[in-house]
Structures are given as structure tokens and as C-alpha cells.
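Residue-level listing of the chains:
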Amino acid sequence: MRERGRRRGRAVAALTDGNADWMGSLPAPLRSLPLSNLAIPGSHDSFSYWVDEKSPVGPDQATAIKRLARISLVRKIMKKWSVTQNLTFKEQLEGGIRYFDLRVSSKPGEIGQEIYFIHGLFGIKVWDGLKEINTFLEQHPKEVIFLDFNHFYAMDDGHHHFLINRIHSAFESKLCAVECVEYVTLQYMWEKKHQFLETTLEERSRYGTFHVSQAILTPRVKTIARHLIRGLKNTLVHRNLPMILNWVKEQKPGVMGVNIITSDFVELVDFAATVIALNDLLLEEDESVSKS
């Protein structure tokens with residue numbers, strides 16, 4: 001157990017080196033560009049660094065899975081395929097991650113309107129995650145974060161109002177609410193003292209704004225069946241990470257380029273740093289235009 005802790009510590013150190021304030025450190029020309037033109041690192045199923053194998057199976061799963069999951073061994077296997085990150089929100093943020101992919105649900109049989117993160121199994125309370133993110137924003141006033149709530153399970157109107165109130169309570173004046181988010185820049189966010197942008201795929205399709213590229217591996221059912229015990233990371237991620245990183249390096253941000261790029265297990269390679277470095281291409285482009 002201690003050996004595992006040491007290995008994880010080195011991985012966190014590698015990710016967090018120099019990336020905690022990368023937005024605030026961007027050169028002046030990039031601060032006035034729309035955020036939709038910048039290359040921004042994100043994580044896939046960002047909250048799944050911890051899921052509770054003792055909890056009920058989530059409403060995002062098929063009825064057959066719920067029945068099988070009455071067996072504790074099945075829930076242990078589910079955990080291996082549900083976890084797509086090793087790092088907490090705080091650790092991801094310190095490593096440069098600025099976009100979080102979030103799925104939420106109420107918990108079956110629970111009284112009240114509490115909302116939890118979910119990916120097959122239940123994770124932490126949404127409120128606890130929001131507080132952790134807000135603590136980072138308090139300490140890094142020039143960083144901007146995207147929270148993308150894109151899957152909702154077992155939630156009625158009351159649960160949705162509860163979630164919205166939680167978001168407002170956590171971030172208060174840090175929230176940015178503008179209709180045409182394609183024009184939002186870092187400079188604008190800093191002037192208004194906003195640090196949190198809420199966006200949806202519907203807005204993207206309507207205005208052509210933020211775009212998420214998922215550099216992830218989705219296992220087929222037969223892959224899971226063949227490698228039940230190994231889990232997602234050992235079966236697919238380790239083997240394919242070099243290919244994923246090479247794809248990222250070949251991209252270019254900008255109006256017709258990449259914007260937000262997400263990945264699983266963001267600390268296993270220099271993912272965040274590689275995505276952030278793509279913004280240098282925008283500087284080179286700006287310099288060439290100036291010279292001409």
C-alpha cells in the first residue's frame with residue numbers, strides 16, 4: 001500500500017509542475033482571444049477518481065447490470081471500469097485541467113434532494129466537489145474553469161433546482177452568465193472577476209462556440225468481458241496513451257482548430273502540458289501576421 005502511494009505521488013508531482021496558474025501566465029495576445037479559440041485541457045468523467053462499490057448501482061446502468069451487481073464481486077469489477085481518473089479535483093486543477101465532464105444523479109431510496117456524481121457507481125456529493133473547486137479558484141484568481149453537467153439521472157424539477165442553487169451558493173459572483181459566450185476572453189473574465197463558465201452542447205450548436213474533443217477510449221462489451229479483472233486503465237489506456245498524445249501534438253487551436261481536449265487518467269502522460277503548449281502556435285501565427 002505504501003509503495004502504491006509513492007508511485008501516485010510521483011505521478012501527481014509530474015502533472016502539477018508549473019500548470020496551476022497557466023491561464024494567468026499566458027502572453028498578452030492570448031488573453032484577448034476568445035476562450036473558444038484556446039487549447040484547454042480537460043478530463044473525462046472527471047469525478048470518477050472515487051466511486052463507492054458499496055453503494056447501489058446507479059440509474060445509468062441497465063436492469064440486468066443492477067441485478068448482477070447484487071454480488072459484491074460484480075461491483076468490484078464495475079469499479080475497475082468506472083474509474084477513469086486517479087486525481088481529485090484539486091489535483092487535476094493544480095495540474096492544469098480546466099474543463100470537467102460531470103454526470104450527476106440522485107441516490108435511490110434516499111430522502112431529500114442530495115445530488116451525487118455518478119459513473120456506474122456513485123461518487124462524492126456534488127456539493128463537496130463544488131466546494132473543492134471553489135477553494136482552488138479562491139487561491140488562483142486568474143484561472144477560469146468550465147463545468148459541463150451533461151448527464152442527469154433520476155432527477156426531477158426539485159433536484160435540478162437544488163443543483164442550480166448549489167452551483168450559485170458555491171461560486172456566487174465568480175459565475176459568468178453571458179448570452180454569446182463565443183466572445184468571452186480571459187481579459188473579460190478578469191475584469192468582471194468571473195472564474196466559472198457554464199456552457200452546454202446546445203449553446204455550441206447554436207452559436208458555434210466551445211468544442212470538446214474527446215481523446216478517450218470507450219471499451220466494447222466484449223473487451224470488458226475478456227479483461228474483467230484488469231479494468232480500463234490496464235486494458236486500454238496504458239497501451240494507447242502514446243498514440244493519443246501524438247494525436248494531441250498534431251492539433252492546432254483557433255477558430256477552425258481544437259478547443260477543449262479531454263482524456264482519461266490525465267496524469268499518466270504530459271497531457272495537460274501538451275495541450276497548453278498548443279497555444280504557442282497561436283502566438284506564432286500572430287507574429288507571422290504582424291510581420292506581413
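Structure's up top.
Residues numbered from 1 in each chain as written. Predicted model: local features only at pLDDT ≥ 70, side-chain atom pairs only at ≥ 80, totals over all residues. Heavy atoms only, no water.

**Some details on the packing of aromatic side chains**
Definition in use: A pair of Phe, Tyr and Trp rings is counted when the ring centres sit within 6.5 Å of each other, with Trp represented by its six-membered ring. The angle between the planes then sorts it: under 30 degrees is stacked, over 60 is edge-to-face, the rest tilted. Relative accessibility thresholds used throughout: buried, under 20% of the residue-type maximum; exposed, over 50%; partly exposed, between the two (1.4 Å probe, protein chains only). Going along the chain from the N terminus, every DSSP run of H or I of four or more residues is numbered as a helix, and every run of E of two or more is numbered as a strand. Charges are assigned to positions over rings by a cutoff of 6 Å between ring centre and Lys NZ or Arg CZ, combined with an angular limit of 35 degrees from the ring normal.
Scanning the entire structure with this criterion turns up six aromatic pairs. Aromatic pair Tyr-116 and Phe-122: ring centres 6.0 Å apart, planes at 80°, arrangement edge-to-face. Assessed through its relative accessible area of 0%, Phe-122 is described here as buried. With a centroid separation of 5.0 Å and 75° between ring planes, the pair formed by Phe-146 and Phe-210 is classed as edge-to-face. Here Phe-146 is found in strand S5 (residues 145–153), whereas its partner Phe-210 is found in the loop between helix H9 (201–207) and strand S8 (212–215), with 64 residues between them in sequence. You'll find Phe-146 and Phe-210 in the same group, each marked buried. The aromatic ring of Trp-190 is capped on one face by Lys-142, whose charged end is 4.7 Å from the ring centroid. Above the face of the Trp-127 ring, Arg-166 is positioned so that its terminal group lies 4.4 Å from the ring centre.

**Details of the side chain of Ser-106**
Defined as follows: Whether two residues are in contact is decided by their heavy atoms: any pair within 4.5 Å suffices.
Inspection of the secondary structure assignment puts Ser-106 in the loop between strand S2 (99–105) and strand S3 (116–119). When its relative accessible area of 10% is taken as the criterion, Ser-106 is described as buried. When residues no more than four places from it in sequence are discounted, the contact partners of Ser-106 are Glu-114, Ile-115, Phe-122, Tyr-153, Ala-154, Met-155 and His-159.

**A few points about helix H6 (residues 126–139)**
Put simply, the rule is: Between the first and last residue of a helix there are one fewer steps than residues, each counted as 1.5 Å, and that sum is the expected span. An arc is given here, and it is the one of the directions from the helix axis to the C-beta atoms.
An ideal rise of 1.5 Å per residue puts 20 Å on 14 residues; H6 measures up with 20 Å between its terminal C-alpha atoms. Val-126, Gly-129, Leu-130, Ile-133, Asn-134, Phe-136 and Leu-137 are the residues of H6 that are buried. The buried residues of H6 all sit within an arc of 155° when viewed along its axis, so they share a single face. With respect to the buried face of H6, the exposed residues turned more than 90 degrees away are Glu-138 and Gln-139. Among the structural elements, helix H5 (89–94), S2, S3, strand S4 (121–125), S5 and helix H7 (157–171) are those in contact with the buried residues of H6.

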